[in-house]
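A structural walkthrough
Now for the letters of each chain:
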Amino acid sequence: MAGKENIGRKLRDARKNSGLTQESAAERLGVSRQTVSNWENSRSFPDIGSVVKMSDLYSVSLDKLLKGDEAMMRHLEMSTNVVKSRQRFSRMILVLVYLLIWTVTIVSFWWTSGSDAMGYGLLAFYIVLPLATLVISVFIGKDESWSGSRWLMMLFFGVMYMLGPFATFSMANNLAFDHRNLPQLADMLPGILCSAVGIGIGALIRRAGGKR
């Protein structure tokens, strides 16, 4: 319990030294007064985001707040690991959703073989896949956890766009006329562009939310 008492006492002393009441600190931190009281009385730990906010609000360094408090450091490490796991899971879900839509689109082509190919092409490659790419890319742009891997996702969408026509019309042509058509690199461009637009929109939404 020494760790909890340490961080609680430090938070209480830092707040008082800054001349803030629990009510005013809670309002500035965007939490309830009871939450601040729980932190200061060692009934619960703040998350890393709240610790950073209190460091700025109370004009106390993070090192001073956290140094020597092993229990708090373990809590932050566990919290960070949980957050990272959730972020990885959400990223995986987005990719799987897109792959499912892409797979259904391809399977539908072969399932409806003999139907209006032009109509299918317009629906699949000008509506379904662009819309799916745009929407999922917006989520990627909004989520900071993607960070430097966003450009890889643009390449991923480009590759999937390239494979779409190849796995449908080109493959059907290969089978029907014994051709050896290969995927066309130019077919990557629509996927890359759709993804770039979606990621850009998501980034704007994220920045607008951060300014509030």
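Up top you'll find the structure we're talking about.
Being a predicted model, the structure only gives us computed values, none of them experimental.

Basis of the calculations
- Each residue is numbered by its place in its chain's sequence as written, counting from 1.
- Residue-level local features of this predicted model are given only where pLDDT is at least 70; pairs of side-chain atoms are given and counted only at 80 or more, and the full residue set underlies all totals for whole chains, interfaces and linings.
- As a rule here, side-chain values cover all heavy atoms of the structure and leave hydrogens and water aside.
- Axes here mean lines fitted to C-alpha atoms, for a helix over just the part in contact, with angles spanning 0 to 180 degrees between N-to-C directions.
- Strands here mean DSSP runs of E at least two residues long; helices mean DSSP runs of H or I at least four residues long; both are numbered from the N terminus.
- Roughly parallel means an angle under 35 degrees; roughly antiparallel means over 145; roughly perpendicular covers 65 to 115; every other angle is labelled oblique.
- Take the far helix as your reference; a near helix turned counterclockwise from it by less than a right angle gives a left-handed crossing, and one turned clockwise gives a right-handed crossing.
- Two residues qualify as a contact provided that any one of their heavy atoms is within 4.5 Å of a heavy atom in the partner residue.
- Aromatic contacts are taken between Phe, Tyr and Trp rings whose centres are within 6.5 Å, Trp giving its six-membered ring; a plane angle under 30 degrees counts as stacked, one over 60 as edge-to-face, and the others as tilted.
- Summary of the burial criterion: residues with accessible area below 20% of their type's maximum are buried, those above 50% are exposed, and those between are partly exposed, where the area comes from a 1.4 Å probe applied to protein chains only.
- Put simply, a patch holds well-exposed residues, over 30% relative accessible area, that have no salt bridge, with like charges counted together within 9 Å and Val, Leu, Ile, Met, Phe, Trp or Tyr side chains within 5 Å.
- Here the Shrake-Rupley method, with its probe set to 1.4 Å, supplies the accessible areas, and only the displayed protein chains count as covering residues.
- Here, a salt bridge means any Lys or Arg side-chain nitrogen found within 4 Å of an Asp or Glu carboxyl oxygen.

1. Examining the packing of helix H2 (residues 22-29) against helix H4 (residues 48-58)
The relative placement of two packed helices is expressed as an angle between their axes plus a distance between the axes. Running from amino to carboxyl end, H2 crosses H4 at an angle of 120°, the nearest separation of the two axes being 10 Å. The angle between the axes of H2 and H4 places the two elements in the oblique class. Classified by chirality, the crossing of H4 by H2 is right-handed. Listed contacts from H4 to Ala25, Arg28 and Leu29 of H2 are Lys53, Met54, Leu57 and Tyr58.

2. What about the packing of aromatic side chains?
Inspection of every chain in the model, using the stated rule, returns 6 aromatic pairs. An angle of 85° between the planes, with centres 4.8 Å apart, marks the rings of tyrosine 98 and phenylalanine 157 as edge-to-face. Linking tyrosine 98 in helix H6 (residues 70-111) with phenylalanine 157 in helix H8 (residues 150-177), this pair joins segments that are 59 residues apart in sequence. Residue classification places tyrosine 98 among the buried positions, given a relative accessible area of 0%. When its relative accessible area of 1% is taken as the criterion, phenylalanine 157 is described as buried.

3. Section: a nonpolar patch on the surface
The grouping of Phe89, Met92, Ile93, Leu96 and Val97 at the surface amounts to a nonpolar patch, some 440 Å² of accessible area in total. Relative to the elements of secondary structure, leucine 96 occurs in helix H6. Given a relative accessible area of 45%, leucine 96 falls into the partly exposed group.

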